[in-house]
Amino acid sequence: MAQKTFVSELKEGQLVDSAFSVKYKRGVAEYGNGKGWYFSIGASDKTGEIEVTYWGGASREAVQKVHDSVKEGGVARVQGIVGNWKDRKKIDINEGKGTISQAAFFNPEDFLPRGEKDVEEMYAKLLQLVDGIKDNGTRKLLNAFFRDEEFAETFKRAPAAMQLHHAWLGGLLEHSLNVATTCKTVAGNYDGINEDLLVAGALLHDVGKLHEYEVTTSIKVSEAGMLRGHVVMGEEMVRAKAGNLPELGETTLLKLSHILLSHHGEGDKGAPKKPMIVEAALVHYADEMDAKASQFARIRKETTSEDFRVYDKHWGEVYLK
């Protein structure tokens, strides 16, 4: 295998022979009214993600054998050619002219995407927000999380998502800090806001993602993440810490729980409750805003077309000028 080629370096028409982490794998399906069989995988490294499609012949068994040789969450050697579909780069492998197989040699550091912002600087800003909390119980709760060295190291490394937004090492820290900073900025615009509760809810709203995702050579959803989700797990984490803090008060804890349980806004988006207090509403919309802005930045970075309008499979039609 040739030297590692990163997703960000790929150009249309280029021949590829490189190792990529397998983020997902779709089943074998028929194409061209019986012409052949194909399957696709999501190939990624620390610079991005690209879809790879293996186009096989009329033998389903032969294509299935290739499909089964690649493991989701593993590392695959991809030999194909870079193409373009709906203004997005992809890799096509035509049977007999390339292949996909389990990679024998690779460098694990090639596959873990990292954010562009300095993690230690962001964490220092987060701790400044914690220190600015006036309520003693709320501040103690936040310190129990963010000044715990083991928790801090895990939090600094965690992604905020598998694919859509802040899907990189340090992404959860960046996203949580953005949401909390936005909430603190807008709090003064409205009467009756409990700023301590608001900032605490913003910093903790996604804490369950520490257990929702597994990070190896790729970011993937854990079994607990699939079956329970970060919303429920995060609220449980907060309640567990709060059990040792009588200073927090039951009413404050109840409202913090509500912020975490309602931050997705709607039931069909994974929220057990809709926001019913103003602090919960502000966290929800700040969360939505930061996630959407991050998605636009991703689309802009990944788009190869110079057209003012592109189509993203997750977002839909996007205007980039």
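Note that the structure is predicted; figures quoted are calculated from it, not measured.

(A) Quick look at the packing of helix H5 (residues 171-187) against helix H6 (residues 195-204). Between H5 and H6, whose axes approach to 8 Å, the crossing angle comes to 160 degrees. Considering their axes alone, H5 and H6 lie roughly antiparallel with respect to each other. Once H5 is placed against H6, the crossing between them reads as right-handed. Two secondary-structure elements touch here, H5 through Ser176, Val179, Ala180, Cys183, Lys184 and Ala187 and H6 through Glu195, Leu198, Val199, Ala202 and Leu203. Counted by class, the contact of H5 with H6 contains eight nonpolar, one polar and two charged residues.

(B) Layout of the packing of aromatic side chains. Taken as a whole and assessed by the stated rule, the structure comprises 10 aromatic pairs. An angle of 80 degrees between the planes, with centres 5.0 Å apart, marks the rings of Tyr31 and Trp55 as edge-to-face. Of this pair, Tyr31 sits in strand E2 (residues 29-31) while Trp55 is found in strand E4 (residues 48-55), placing the two residues 24 residues apart along the sequence. For Trp55, a relative accessible area of 25% gives the class partly exposed. Where Phe106 meets Phe111, the ring centres are 5.8 Å apart and the plane angle is 75 degrees; that geometry is what we call edge-to-face. On the basis of relative accessible area, Phe106 is assigned to the partly exposed category, the value being 39%. On the basis of relative accessibility, which here comes to 1%, the residue Phe111 falls in the buried class. A network of ring pairs unites the aromatic residues Phe145, Phe146, Phe151 and Phe155 as a single cluster. Lying over the aromatic face of Phe145, Lys241 brings its terminal NZ or CZ to 5.5 Å of the ring centre.

(C) Layout of the packing of helix H2 (residues 119-131) against helix H4 (residues 149-157). Interaxial distance between H2 and H4 falls to 11 Å at its minimum, and their mutual angle equals 120 degrees. By the angle class used here, H2 and H4 are oblique. Crossing of H2 against H4: the hand is right-handed. Across from Val119, Glu120, Tyr123 and Leu126 in H2, the residues of H4 making contact are Phe151, Ala152, Phe155 and Lys156. For the contact of H2 with H4, the per-class residue count stands at six nonpolar, no polar and two charged.

Calculation rules
- Within every chain, residues take consecutive numbers counted from 1 along the sequence as written.
- Owing to the predicted nature of the model, reporting of local features is limited to residues with pLDDT of at least 70; listing and counting of side-chain atom pairs is limited to 80 or more, with chain, interface and lining totals taken over all residues.
- Side-chain numbers come from the whole structure's heavy atoms, not from hydrogens or water.
- Whenever a helix is involved, its axis is fitted only over the stretch in contact; in every case the axis is a line through C-alpha atoms, and angles between N-to-C directions fall within 0 to 180 degrees.
- The way it works is that DSSP assigns letters per residue, a run of H or I at least four long becomes a helix, a run of E at least two long becomes a strand, and they are numbered from the N terminus.
- Our angle categories are set so that under 35 degrees counts as roughly parallel, over 145 as roughly antiparallel, 65 to 115 as roughly perpendicular, and the remainder as oblique.
- By convention, the crossing between two helices is left-handed when the near helix turns anticlockwise from the far helix through less than a right angle, and right-handed when the turn is clockwise.
- Whether two residues touch is decided by their heavy atoms; if any such pair falls within 4.5 Å, the residues are in contact.
- Each residue is assigned to one of three groups, with Ala, Val, Leu, Ile, Met, Phe, Trp, Tyr, Cys and Pro labelled nonpolar, Asp, Glu, Lys and Arg labelled charged, and all others, Gly among them, labelled polar.
- Working definition: rings of Phe, Tyr and Trp (its six-membered ring) pair if their centres are within 6.5 Å, and the pair is stacked with planes under 30 degrees apart, edge-to-face with planes over 60 apart, and tilted otherwise.
- Accessible area is worked out with a 1.4 Å probe on protein chains only. A residue is then buried under 20% of its type maximum, exposed over 50%, and partly exposed in between.
- Two limits define a charge over a ring: the Lys NZ or Arg CZ must be within 6 Å of the ring centre, and within 35 degrees of the ring normal.

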